[in-house]
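Examination of the molecular architecture
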Amino acid sequence: MCGIFGYVGKKNASQVILEGLKRLEYRGYDSWGIAVAAEEILVNKKVGAIGDLNRLSGLPEARVGIGHTRWATHGGITQNNAHPHFSSDEGFILAQNGIVENYQSLKEMLEKKGYNFTTQTDTEVIVRLIESKLKLLKNLKESIRTAFLELKGRNTIIVLTKDSQIIAVRNGSPLVVGISPDSQEYFFSSDTLSFAPFARKIVVIDNGQMIFYQSGRLDLYDVSKNSKLPYRFENISIKNSKVDKEGYDHFMIKEIHDTPYVINQLISQRIDDYSKFAKDLKQANNVYTIGSGTAGIAAAQIAFYLRVFAKISATNLIGADAHEYYDLITKDDLIIAPSQSGETADVLEVLEILRNKGVKIASYVNMLGSTMTRLSDYSFLTQAGPEICVMSTKVFTSQISWGYLVSKIASGKGEEALEDLTILAQTIEKFLNTESNHQNIKEIAKKLSRKKDIFLLGKYQNFNIVKEGMVKIIEGSYIHAHGIPSGDLKHYAITLMDKGVPVIVAVSNDQAKFDVMNAVSQVRTRGAEVVGISAAENDNFDFFIKVPDTGETSAIMNIIPLQLLAYYMAVELGHNVDKPRNIAKSVTVK
Ligand code: GLU
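The following paragraphs examine the structure supplied in this document.

Conventions we followed
- Residues numbered from 1 in each chain as written.
- Predicted model: local features only at pLDDT ≥ 70, side-chain atom pairs only at ≥ 80, totals over all residues.
- Heavy atoms only, no water.
- Helix = DSSP H or I, 4+ residues; strand = E, 2+ residues; numbered from the N terminus.
- Rg over C-alpha atoms; globule rule 2.2 N^0.38 Å.
- Buried < 20%, exposed > 50% of the residue type's maximum accessible area, 1.4 Å probe, protein only.
- Contact = heavy atoms within 4.5 Å.
- Areas by Shrake-Rupley, 256 points an atom, 1.4 Å probe, with all protein chains shown as cover.
- Lys, Arg positive; Asp, Glu negative; His and termini not counted.
- Charge placed at Lys NZ, Arg CZ, Asp CG, Glu CD.
- Phe/Tyr/Trp six-rings, centres within 6.5 Å; stacked < 30°, edge-to-face > 60°.
- Lys NZ or Arg CZ within 6 Å of the ring centre and 35° of its normal.
- Pairing = 2+ DSSP bridges.
- Axes fitted to C-alpha atoms, helices over the stretch in contact; angles between N-to-C directions.
- Salt bridge = Lys/Arg side-chain N within 4 Å of Asp/Glu carboxyl O.
- Polar contact = N/O pair within 3.5 Å; in protein donor to acceptor, adjacent residues only side chain to side chain.
- Patch = residues over 30% accessible without salt bridge, like charges linked within 9 Å, V, L, I, M, F, W, Y side chains within 5 Å.
- Parallel < 35°, antiparallel > 145°, perpendicular 65-115°, else oblique.
- Nonpolar A, V, L, I, M, F, W, Y, C, P; charged D, E, K, R; others polar.
- 1 Å grid on protein atoms, 1.4 Å probe; cavity = no way out; pocket = protein on both sides within 12 Å on 5 of 7 lines; lining within 4 Å.
- Points joined across faces, edges and corners; volume = space filled by probe spheres on them.
- Arc of directions from axis to C-beta.
- Core = buried A, V, L, I, M, F, W, Y, C linked by side-chain atoms within 4.5 Å.

1. Looking at the overall build of the chain
For the chain, the helix and strand inventory stands at 16 helices and 25 strands. Scaling as 2.2 N^0.38, a compact globule of 590 residues should have a C-alpha radius of gyration of about 25 Å, and the chain matches this with 25 Å. By the burial criterion, 61% of the 590 residues in the chain qualify as buried. Across the chain, every contact between residues at least 6 apart in sequence was considered, and the portion connecting residues at least 24 apart equals 70%. Accessible surface computed for the chain: about 22600 Å², of which carbon and sulfur atoms make up 48%. Side-chain charges in the chain split into 67 positive and 66 negative, and the spacing between the mean points of these groups amounts to 2 Å.

Set out below in structure tokens:
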């Protein structure tokens, strides 16, 4: 899940790379490292997140360099295991995003040949493999190419040479090259956003391709055929690429406050652009939705809306567990993938397989130029601006709002949905700008932060919503939380209901209300303390978060107080809100 960044140009390379890595930190923040080529290659590595940008990288002025921010998969989180990794003669240095699945057998083979390993990473194996090739081939580019062909798994590597060359090869993990308006600067990166303020054009590198920079020249190669490829530039214009807390204490709360903006971004899309997609949706034999983590929950809510509003038989798949469906999904089916990054490895693997079967793919992605976007027959962009906090909030809300809109369009009620979403955006804005809502939620968060287990109940439109509330609480507070379909409660989890056990419930004014309130009464009878998120107060609520009733978009409204609750709990516990321990935002490894 690491981020890689390379730079060539007139500016001070280490500073540009440091800023690029900072923007890539959502991909991992176990350690970071930067190398520049001056007379020789100089490197600086540190454990932990980058932190303050004024923390200079301690490297001399140089025009060329590479950097890496790590989410460790192989080898502990130490300075020694931090990327990039030097070749034995320090003639080149390499960073990787991915996992070398056959690293053990390669390592044994190389050890037999007399190579020593100084780190525990799978990445060092790539370095030594290239060295072993170089001994025979005497050509670094060719050695990188042939070594790369021996790697199994999804990986992308970037190499900096003493002679100021940059060579990057992609297979699975993302890689994109940005070019400044005057064509004097090149950025090699895991995503477009990291260099968005400085580039107007990009070259998207595909799997199995290698990009080679040398003395102002950029060449693209097909790795397995060893032939040069033509490449084309794509223009980019990313509005709102600013990465700034805008006066808020954390990105998370700033991004929750961005919700009305992201819903308005969605509404500003042309409904006509959806007509062909809506037709395909209606005609598909089966529709599947897929995602991982929070996007997996958004995918489930999209499937819910498709079933309820468009009467489409939609099934939700979890990225890592979709295998058993491979034989069942045919070319007459359609799959929908919502994703922040468009690079989630589990989901990409499924989409690649289904695409080869002729299954139609639609995606709703926040990152321009992502792999998922390029794999899709229908690609819709979230245009939510950068989401920096590792816990997704505004993008999730945009994804489920999109599901609502698409389902309504498919049922011929697109215009009506646009009105609903317009009202929803205004209502959320008002809710977020009312200080007493924050005070109330903060008080409840304080109490919940002292609990060991937290339960969440929901049904119908609110089940996925409370599940997402569960995910947010787990991510931010590291407290065990459990989202339960309220009707299932009495079949098992009721045994856990004891005096003082906290139960959060989201209730809408819908057909499930009676059942949900029944469950609330059952847990309260056993001593549970109930936090009710609802438009109407109830005697069975010990704590009450009043939300406006927005009708059919009520579930989308309900996610806002849950996100705020998770935020204030993380703050109360003194956790690193924007970078919770152990996770990364974009999971590009399996
Ligand atoms: N496998 C490499 C490491 O642990 C890179 C991990 C990644 O891309 O997430 O250092």
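2. Some remarks on the packing of aromatic side chains
Overall, the coordinates contain 20 aromatic pairs when judged by the stated rule. With a centroid separation of 6.0 Å and an interplanar angle of 20°, the aromatic rings of F187 and F198 are classed as stacked. Of this pair, F187 sits in strand β10 (residues 186–189) while F198 sits in the loop between β10 and β11 (201–204), placing them 11 residues apart in sequence. The interplanar angle of 65° and the centroid separation of 5.6 Å between the aromatic rings of F304 and Y305 together place this pair among those described as edge-to-face. Per residue, the accessibility class of F304 equals that of Y305, and both read buried. If you follow K408 out to its NZ or CZ, it ends over the ring of F309, 4.5 Å from the centre.

3. Things to note about the sheet that holds strand β12 (residues 209–214)
In spatial order, the strands read β5-β6-β7-β8-β12-β13-β14; together these 7 strands make up an open sheet with antiparallel pairing. Only two strands of the sheet have a single neighbouring strand rather than two, namely β5 (85–86) and β14 (227–229). Across 2 bridges, β5 lies against strand β6 (residues 92–98) in antiparallel orientation. Looking at β6, one finds that F86 is bridged to I93. Contacts from helix α3 (residues 123–137) reach β5, β6 and β7 (155–161) within the one sheet, and its direction differs from that of β6 by about 135°. The sheet contacts of helix α4 (residues 140–149) involve β6, β7, β8 (166–171), β12 and β13 (217–222), and relative to β8 the element is tilted by about 15°.

4. Some details on the side chain of D122
With respect to the helices, strands and loops of the structure, D122 is situated in the loop between α2 (103–112) and α3. Among buried charged residues, D122 stands out as having no salt bridge; its nearest opposite-charge side chain is R70, 5.9 Å away. Side-chain polar atoms of D122 contact the side chain of T123, separated by 3.4 Å.

5. Points about the sheet that holds β10
Spatially, 8 strands are ordered β3-β2-β4-β1-β10-β9-β11-β15 in an open sheet, and the strand pairing comes out antiparallel. Each edge of the open sheet carries a strand with a single partner, namely β3 (41–47) and β15 (234–235). Of the strand pairs in this sheet, β11 and β15 are connected by 2 bridges, and their pairing is antiparallel. Note on β15: the bridge partner recorded for I202 is E234. Docked against the sheet, helix α1 (residues 13–24) engages β1 (3–8), β2 (31–37), β4 (64–70) and β10, running at close to 155° with respect to β1.

6. Describing a negative patch on the surface
Together, E39, E40, D89 and E90 make up a negatively charged patch on the protein surface. Tracing the backbone through its elements, the reader meets E39 in the loop between β2 and β3.

7. Topic: the packing of helix α7 (residues 275–283) against helix α11 (residues 394–410)
Where α7 meets α11, the axes come as close as 9 Å, and the angle between the chain directions of the two elements is 75°. Relative to α11, the element α7 lies roughly perpendicular. Mapping the contact onto sequence places F277, A278, L281 and K282 in α7 and W402, V406, I409 and A410 in α11. For the contact of α7 with α11, the class distribution of residues is 7 nonpolar, no polar and 1 charged.

8. Considering empty space enclosed by the protein
By the definition in use, this model includes 5 cavities of 30 Å³ or more. In terms of lining residues, the largest cavity is bounded by 18 residues, among which P174, S190, D191, E343 and S370 are the most central. Across the lining of the largest cavity, the residue classes break down as 7 nonpolar, 6 polar and 5 charged.

9. Remarks on a positive patch on the surface
A cluster of basic side chains, namely K442, K446, K447 and R450, defines a positive patch on the protein surface. Taking the relative accessible area as the measure of exposure, R450 reaches 64% and is therefore exposed.

10. Digging into the pairing of β2
Counting buried residues in β2 gives 7 out of 7 residues, a clear majority hidden from the surface. Neither face of β2 is exposed, since S31, G33, A35 and A37 on one face and W32, I34 and V36 on the opposite face are all buried. The pairing of β2 with β3 spans 7 bridges and is antiparallel. Across the sheet, S31 pairs through a bridge with V47, a residue of β3. Connecting the antiparallel pair β2 and β3 is a turn made up of 3 residues. As defined by bridge partners, β2 adjoins β4 across 6 bridges and the pair is classed as antiparallel. Bridge pairing links A35 to I66 in β4.

11. Some details on the pairing of strand β23 (residues 502–506)
Note on strand geometry: in a regular strand, side chains alternate between the two faces of the sheet. Counting buried positions over the 5 residues of β23 gives 5, a clear majority of the element. Of the two faces of β23, both are covered, the one formed by P502, I504 and A506 as well as the one formed by V503 and V505. Here strand β21 (residues 453–458) runs beside β23; their pairing, made up of 3 bridges, is parallel. Across the sheet, L456 pairs through a bridge with I504, a residue of β23. The sheet contact formed by β23 and strand β24 (residues 529–534) spans 5 bridges and is parallel. Paired with V505 across the two strands is G532, which belongs to β24.

12. Here's the deal with α7
Among the residues making up α7, those that are buried are F277, A278, D280 and L281. For α7, the arc enclosing every buried residue in end-on projection is 160°, short of the 170-degree limit, so these residues lie on one face. Structural note: α7 exposes K276, K279 and Q283 on the side pointing more than 90 degrees away from its buried face. Buried residues along α7 sit in contact with β16 (287–291), α8 (294–310), β18 (334–339), β19 (360–365), β20 (378–381) and α11.

13. Considerations on the nonpolar core
Among the nonpolar cores identified, the biggest contains 86 residues, and F277, L281, W402 and I504 are the most heavily contacted of them. Within the second largest apolar cluster, 43 residues are counted, among which are Y326, I335, I361 and M372.

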